[in-house]
Amino acid sequence: MTVILTRALVFYILLTLMMKLMGKRQIGEMQLSELVTTVLMSELAVLPVTDGDIPLLHGLLPMLTVSSLEVVVSYISRKSARFRRLLNGNPITLFERGAFIEQNLTKARVSQDDIEAQCRINGFAEMKEVETVILERTGKMSVLPKKNPKPNQSGE
Amino acid sequence: MDNFVIAIILLVLVFVFTAASGVLISSLCDRIIGLCDSGSVKEALSLWNEYKNAVSFFVRDSEIDTADTFASKFESGDASALPRFIESISEIKATERFGFLNLF
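Now for a look at the structure at hand. Remember, predicted model here, so these are calculated numbers, not experimental data. (Residues numbered from 1 in each chain as written. Chains lettered and ligands numbered in written order. Predicted model: local features only at pLDDT ≥ 70, side-chain atom pairs only at ≥ 80, totals over all residues. Heavy atoms only, no water.)

Each partner contributes residues to the interface: chain B has 19 residues there, and chain A has 18 residues. Summed over both partners, the interface of chain B with chain A buries about 1,600 Å², with 70% contributed by carbon and sulfur atoms. Of all residues in chain B, Phe4, Leu11 and Arg60 of chain B give up the largest surface area on contact with chain A, accounting jointly for 31% of the area buried on that side. Counting across the interface, chain B meets chain A through one salt bridge. Counting the contacts that link chain B with chain A gives four residue pairs in polar contact (both at pLDDT 80 or more). Looking at the side of chain B that touches chain A, the elements with two or more residues in it are helix H1 (2-37) and helix H3 (61-75) of chain B. Examining the composition of the side of chain B that touches chain A, we find that 10 residues originate from one element, H1 of chain B, more than from any other. (Contact = heavy atoms within 4.5 Å. Buried area = accessible area lost by both parts, 1.4 Å probe. Salt bridge = Lys/Arg side-chain N within 4 Å of Asp/Glu carboxyl O. Polar contact = N/O pair within 3.5 Å; in protein donor to acceptor, adjacent residues only side chain to side chain. Helix = DSSP H or I, 4+ residues; strand = E, 2+ residues; numbered from the N terminus.)

Okay, here's the thing in structure tokens:
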């Protein structure tokens, strides 16, 4: 039991340090590579903590490698637009000037209902109030209103 | 930029550490197997007892326990345990050896 507690403590400290190394984005909006890193890190940490047969280093070394690689990848993607596009793709326009773009809906695997729901969340009761809906790299949808109608913000 | 430099240093350290530990453990295993083959079994067992704690940082406990069990059996007079001890040391060597064999 002492071993498990000690290992949990070691991994808690190490994961905190690794997350700090990778920056604040990791705890907020995540891009594809960041999501992969976070999922991998949690899996890598769990095994050596719970399985006493596995040496601590079998968890520590892959964790250090994955988090360091993530920092390197994010640095390169910040410097190179081409690499960034390759890794995270481009924003996809799903709705524009009163019409859904079916080709892009298929590409993004999003239904019209999803877009309408996202518009309602953003305070637009009907699609005619919306100019454009864009699926961003982070997976969030940006809903841009038409010039004239104002969104029905609650309480405003 | 600072984080980038730290990450590169960490990557290099991890690579060097992994390579060094692989080389050290496999050379230790080679020495133990060589001593057993040349008949200096006592020397091989004392070498194993001296370094097994250090090796346990890199190798699964079950593999250490297996080698340890056969070493104890041999020390208590069971000569048939020696080939199994050598086999378990060879397995540790195969697992930890730095190389690209069986990578996938």
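There is more to say, and it comes next.
In this structure, Ile32, Cys36, Trp48, Phe85, Ile89 and Ile92 of chain B are the most contacted members of the largest nonpolar core, which totals 45 residues. Looking at this core, the elements that each hand over two or more residues are helix H1 (2-22), helix H2 (32-50) and helix H3 (56-79) of chain A together with H1, helix H2 (41-55), H3 and helix H4 (81-96) of chain B. By size, the runner-up hydrophobic cluster in this structure holds 16 residues, among which are Leu94, Leu105, Cys119 and Leu135 of chain A. (Core = buried A, V, L, I, M, F, W, Y, C linked by side-chain atoms within 4.5 Å. Buried < 20%, exposed > 50% of the residue type's maximum accessible area, 1.4 Å probe, protein only.)

None of the figures reported here should be taken as evidence of function without further support.
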